[in-house]
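Structural overview
Okay, here's what each chain looks like letter by letter:
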Amino acid sequence: MKKLISIIVPCYNEEPALKPFYEEVNKVSHEMSNVDFEFVFVDDGSRDGTMREIEKLRANDERVKFVSFSRNFGKEAALLAGLDYAQGDYIATMDADLQDPPALLPAMYDVVKTGDYDCVATRRVSREGEPPIRSFFARMFYRLINKMSKIEMVDGARDYRLMTRQMVDAIISMREYNRYSKGLFSFVGFKTKWIEYKNVQRVAGETHWSFWKLFVYAIDGICAFSTVPLVIAAVLGLIFCLVAFVLIVTIVIKTLLYGDPVSGWPSTICMILMMGGLQLLALGIIGEYLAKTYLETKHRPIYIVKRTEKDK
Ligand code: UDP
Ligand code: MG
């Protein structure tokens, strides 16, 4: 029996990119005649003609399947929906903008089919075409999160990977609401081989990530896979208690020896401001975790499907 590879493609306003994407992957799929392919396009509440474009592809190719959301739920939700929906023995996740070269697929398949590896993942080794300031913060983020979390996050890792059914089943068994895929892929373990390639620019359209969105995503990632920030608050508190104790003792001794009990008003104000600031910071960190816990406990669906190719 021929094995089936599912290609999962989250799409948010990707109308111009879909056709070139499909053609490229289709070409590769014909080169790999020893396996069958299915496409799972996940329309993440696009506002442009993405859905129309997918229907057009579907009209000419039975292998094209789709899941259409009731609104935009974000790329993480779209990825999960694709993984839930895919039928394949092997499952690949790819962006719609051809930043993940389909030409790598045959080599990736060769690696997983031997059974030595459960997953082939890709990372880009250059960040060409990206604003330098963004690359700088991205590097800082990976250094930070790898120090704070036991789960390893690979710098430059893309969400372009080919996984076995077994690994995908492990990933979709995790139904957490705050999803940070890079961490989840790493959390489930299994043997992963990394393939490196140079950054490729989008074929059409624009990136959906503003600097602010990336910043929020970074905080999400840290909260989801590390509780170190909570410990930082406790450690800071301990340090400041010790400092305060030493200061109190010095001041008492100084006052007993020299008198002068009321000097040092400016330093008092500085201390009050600093302590107030630190307390708010610690509260903020706790609040961040509390908010995440609150969202998890509501058990809201991670995505809502409006339509698939089975509904007419
Ligand atoms: N995407 C999505 N939902 C969103 C944002 C993005 O499904 O809310 C998809 C998008 O269509 C693309 C992929 O996620 O296929 C990666 O997005 P993008 O290319 O903007 O990210 P970048 O490559 O710049 O990191
Ligand atoms: Mg992209």
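Everything that follows concerns the structure shown earlier in this document.
In this report, the structure presented in the accompanying data block is examined.

Reading guide: rules and limits
Residues numbered from 1 in each chain as written. Chains lettered and ligands numbered in written order. Predicted model: local features only at pLDDT ≥ 70, side-chain atom pairs only at ≥ 80, totals over all residues. Heavy atoms only, no water. Near = heavy atom within 4 Å. Polar contact = N/O pair within 3.5 Å; in protein donor to acceptor, adjacent residues only side chain to side chain. Areas by Shrake-Rupley, 256 points an atom, 1.4 Å probe, with all protein chains shown as cover. Core = buried A, V, L, I, M, F, W, Y, C linked by side-chain atoms within 4.5 Å. Buried < 20%, exposed > 50% of the residue type's maximum accessible area, 1.4 Å probe, protein only. Helix = DSSP H or I, 4+ residues; strand = E, 2+ residues; numbered from the N terminus. Pairing = 2+ DSSP bridges. Salt bridge = Lys/Arg side-chain N within 4 Å of Asp/Glu carboxyl O. Lys, Arg positive; Asp, Glu negative; His and termini not counted. Expected span 1.5 Å × (residues − 1). Phe/Tyr/Trp six-rings, centres within 6.5 Å; stacked < 30°, edge-to-face > 60°. Contact = heavy atoms within 4.5 Å.

Let us look at the site of ligand 1. Lining the immediate environment of ligand 1, one finds 17 residues, of which Glu 14, Asp 44, Asp 97, Gln 99 and Thr 207 sit closest. Here an oxygen atom of ligand 1 sits 2.6 Å away from a polar atom, N or O, in the side chain of Glu 14. Within the backbone of Ala 96, an N or O atom sits 3.0 Å from an oxygen atom of ligand 1. Here ligand 1, which alone exposes 530 Å², has 89% of that area covered by the protein.

Turning to the nonpolar core, a few remarks are in order. Counting residues in hydrophobic clusters, the biggest one holds 38 residues, and the most contacted among them are Phe 69, Leu 83, Met 163 and Tyr 303. When contributions to this core are tallied by element, the ones reaching two or more residues are β2 (35–43), β3 (64–69), α3 (75–85), β5 (119–124), α5 (132–148), α6 (165–172), α7 (181–187) and α8 (211–225). For this core, the leading source of residues is α3, giving 6 residues.

Here is the key point about a regular strand: its side chains alternate between the two faces of the sheet. Along β5, 5 of the 6 residues are buried, which leaves the element largely enclosed by surrounding structure. Both β5 and strand β6 (residues 157–164) contribute to a ladder of 4 bridges, which runs antiparallel. Bridging across to β6, Cys 119 finds its partner in Met 163. In this sheet, strand β7 (residues 192–197) lies alongside β5 in parallel orientation, the contact comprising 6 bridges. Each bridged residue has a counterpart across the sheet, and for Cys 119 the counterpart in β7 is Thr 192.

To continue, consider the pattern of salt bridges. Within this structure, the stated rule accounts for 17 salt bridges. Between Arg 158 and Asp 95 there is a salt bridge, with the nearest N and O atoms lying 3.0 Å from each other. Note that Arg 158 is positioned in strand β6 and Asp 95 in the loop between β4 (90–93) and α4 (105–113), a separation of 63 residues in sequence. On the accessibility criterion, Asp 95 (14% relative accessible area) is buried. For Asp 169, the salt bridge is made with Arg 165, and the minimal N-O distance between the two is 3.5 Å. Taken together, the residues Asp 169 and Arg 165, both in helix α6 and 4 residues apart, mark about one turn of the helix.

Moving on to unusual backbone geometry. With a phi close to 65°, Leu 98 is a non-glycine residue in the positive phi region. Examined against the element boundaries, Leu 98 turns out to sit in the loop between β4 and α4. Of note, Phe 190 is a non-glycine position whose phi angle comes to about 70°, a positive value. Tracing the chain through its elements places Phe 190 in the loop between α7 and β7.

Moving on, we get to the side chain of Glu 76. Relative to the elements of secondary structure, Glu 76 occurs in helix α3. The charged side chain of Glu 76 is buried without a salt bridge, its nearest counter-charge being Arg 179 at 5.3 Å. Among the polar contacts listed, one links the side chain of Glu 76 to the side chain of Ser 181, at a separation of 2.4 Å.

Inspection of the secondary structure puts Arg 300 in the loop between α10 (265–298) and β8 (305–308). The spatial distance from the C-alpha of Arg 300 to the C-alpha of Ala 234 is 32 Å, given a sequence separation of 66 residues.

What follows deals with helix α9 (residues 228–258). The end-to-end C-alpha distance of α9 is 44 Å, a good match for the 45 Å that 31 residues give at a rise of 1.5 Å each. Remark: Gly 259 follows α9 within two positions and exhibits a positive phi of approximately 75°.

Considering all chains together, one arrives at 12 aromatic pairs under this definition. Between Phe 39 and Phe 41 the ring centres are 6.0 Å apart and the planes differ by 5°, which places this aromatic pair in the stacked class. The class for Phe 39 is buried, based on a relative accessible area of 0%. Residue class for Phe 41 comes out buried when judged on its relative accessible area of 0%. On the basis of an interplanar angle of 10° and a centroid distance of 5.2 Å, the ring pair of Phe 69 and Tyr 303 is categorised as stacked.

What follows covers the side chain of Ser 6. Relative to the helices and strands, Ser 6 resides in strand β1 (residues 3–11). Given the relative accessible area of 0%, Ser 6 is considered buried. At a separation of 2.8 Å, a polar atom in the side chain of Ser 6 contacts the main-chain amide nitrogen of Gly 88. Here Ser 6 is in contact with Glu 38, Ala 86, Gln 87, Gly 88, Tyr 90, Ile 91 and Ala 92, once residues within four sequence places are set aside.

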